[in-house]
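# Topology and contacts: notes
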Amino acid sequence: MINVKNLSRTYGGYAAVDDISFTCRPGRVTGFLGPNGAGKTTAMRMMVGLTTPTHGETTIGGYHYHDIVNPGRHVGVLLDASAQHAGRTGREILMVGAKTMGLPTTRVDEMLAMVSLTESEAKRKLRNYSLGMKQRLGIAHALLGDPAVLILDEPANGLDPAGIRWMRDLLKGYARRGGTVLLSSHLLNEVELVADELILIGRGRIVAQGDLKSLSSLDSADSALVTPVDRDALVAALRQEGHEATPEGEGLRVSASPREVSRVSVQHGLLLNDLRSGAKGLEDLFLELTSPVQRESAPSPDSLAAVSTSKEMSR
Amino acid sequence: MSTTTEQPSPTFDFSETPRVSFSQLVSVELRKTVDTSAGKWLVSAVLALTAAVIVLYFAIADDDQLVFEEFLGFAASPQGFLLPVLGVLLVTSEWSQRTAIVTFALAPSRTKVIGAKIVAALLMAFLAFAGAIAVAAVATAAAGRNDGFSDVTVATFVLFLGLQLLNVLQGVAYGLILLNTPAAIVAFFVLPTASSIVFTSVSSLSDLAPWLDITTAQSPLVNGDFSLTGEQLGQIGVTALIWIVLPFVAGWFRVMRAEIK
């Protein structure tokens, strides 16, 4: 289990990571989602002691990373699959890891087989690996010491669709056996199928966190998309009931719930061709919450974080 | 276990976790010096050049110079050239190849990791020393002179070994302070040479040269003269302090504080 408390890191006046707190629990995959440059990697580096935090701390399994005995045996870390010596063979890279952790050579072969790197591929130098092969090797390296916690930075980057599915199944299985997984990504669709919980980070701050369902319902502002048969009549009726309607596409966007729009149309005897929820999808929400350009138009991050926390507590 | 609603936070149990021992780290570092093509070439080059230089010396030297000390001194020059590169690479390759992320994630104690690198570098220098002794001994025996080994003393071995160890430490020190392979190698070769040029061309500095210029101070050893006076030893010590210990300490602090990226 990973416990991040008020973690911050500033460079000069710039806050790369700004007071983030969250918990990753055993048996769950936690997705750490944010655009490039949001502070995901810096946060992960602080968790494993490679970067000193300006404020705050992280404990993994109840310990600071520096106090974990033989950390590779407890925490599997993959921060950058390309950060290996280009002139070393895949197998030798795992051998170096295994020797550091005091593991037998057989473990290296087990891991190579698990990530489906063939014997001849394992004998190739890393510089001749595709990004997908590097990611597989990196996963093998992270799992060498049979850790209880996994911290993976963009592990799906460079994997083909089959590779992404493989990774998804692997991580799900790992969590089902009681493991704790934290994985970062800048692509929502990469994590939404595997993560039980999501942490959305933008510009160094957590803008929302919770499971997929509670995040989807975060867009609390009521909105409906309606295509009436008589547009002017419906606009007038809605205005009479105190709802604003603006043209959008063939129909109207109304700042009211679909149920309310339906009530108004029934009451005024108006026919509708189409009526649906105008709530934004998770992807729009993600973009809105994390994009620096659109931030002003996004709902206040603080209020969202509060909603998600209260939702989480009530679950 | 009690059945309270509050679950106890899962905490790591280290009772069955073997520690990462220092000797394990040293052996991993030794492994890393030879498990890449660059490393293999470098070590082979040290061995091959040592042998080649001895053969060359055999061919060109006058007959009365074919004694053990001369052979050993000659063997020192290619080693003095290449061993520091090995020391540099031990440190800087972690940064240029970005393996430091992995290394320090598996062994978070930077003191232990850098310590292991230093021990590994010294062990390599010791091996090179043993190799040079063996080659020089074979060459001396082959020359067949009666007085081939007559001047050999314990001091010969100690000083020659000391020179090799200082050389490789200097490489490590420049690696630590610069954390960049080309910069550290260039610094290692250019700075002492530049210093030599300054000290030999400016006549008013020539008295200070043996105390401040590492090349001048070490020149007796490099030339195979192993019978040093106390003053010469002192000069070697002072220049080592300036050229090796100070950069080493600065580099050490840099690495201890550095953000590993």
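So, a few notes on the structure that sits alongside this text. (Residues numbered from 1 in each chain as written. Chains lettered and ligands numbered in written order. Predicted model: local features only at pLDDT ≥ 70, side-chain atom pairs only at ≥ 80, totals over all residues.)

### Re helix H11 (residues 282–290) of chain A
Residues and elements named next belong to chain A.
- Those residues of H11 not exposed but buried are Leu285, Phe286, Leu289 and Thr290. When H11 is viewed along its axis, its buried side chains cluster within an angular range of 105 degrees and face the same direction. The outward face of H11, more than 90 degrees from its buried face, is lined by the exposed residues Glu283 and Asp284. (Buried ≥ 20, exposed ≤ 12 C-beta atoms within 10 Å, placed from the backbone. Helix = DSSP H or I, 4+ residues; strand = E, 2+ residues; numbered from the N terminus. Arc of directions from axis to C-beta.)

### Focus: the sheet that holds strand S11 (residues 245–248) of chain A
All names here are of chain A.
- Read from one edge of the open sheet, 4 strands run S11-S12-S10-S13, paired in antiparallel fashion. This sheet does not close on itself; its edge strands, each paired only once, are S11 and strand S13 (272–277). When the angles between neighbouring strand axes are averaged without regard to direction, this sheet yields 25 degrees.
- Two elements, S11 and strand S12 (residues 251–254), share 4 bridges in a ladder whose sense is antiparallel. Among the inter-strand pairings, Glu248 is bridged to a residue of S12, identified as Gly251.
- The sheet strands contacting helix H9 (residues 231–240) are strand S10 (224–228), S11 and S12, and the helix crosses S12 at an angle near 10 degrees.
- Sheet contacts for helix H10 (residues 258–267): S10, S12 and S13; angle to S13, the most-contacted strand, approximately 155 degrees. (Pairing = 2+ DSSP bridges. Axes fitted to C-alpha atoms, helices over the stretch in contact; angles between N-to-C directions. Contact = placed C-beta atoms within 7 Å.)

### A few points about the interface of chain B and chain A
- Every contact between the two is made by 31 residues of chain B and, on the other side, 34 residues of chain A.
- Taken together, the elements giving at least two residues each to the side of chain B that touches chain A come down to helix H1 (22–34), helix H2 (37–60) and helix H4 (100–106) of chain B.
- In the side of chain B that touches chain A, the residues fall into 15 nonpolar, 10 polar and 6 charged. (Nonpolar A, V, L, I, M, F, W, Y, C, P; charged D, E, K, R; others polar.)

### What to know about the nonpolar core
- One finds Met47, Ile151 and Leu200 of chain A to be the most contacted residues of the largest nonpolar core, which totals 143 residues.
- Ranked by the residues each element gives to this core, the list is headed by helix H3 (residues 68–96) of chain B, at 15 residues.
- Residues in contact with Met47 of chain A, not counting those within four places in the same chain, are Ile2, Val4, Thr58, Ile60, Tyr65 and Ile151 of chain A.
- Grouped together as the second largest cluster of nonpolar side chains are 10 residues, Val226, Leu238, Ala245 and Leu252 of chain A included. (Core = buried A, V, L, I, M, F, W, Y, C linked by C-beta atoms within 7 Å.)

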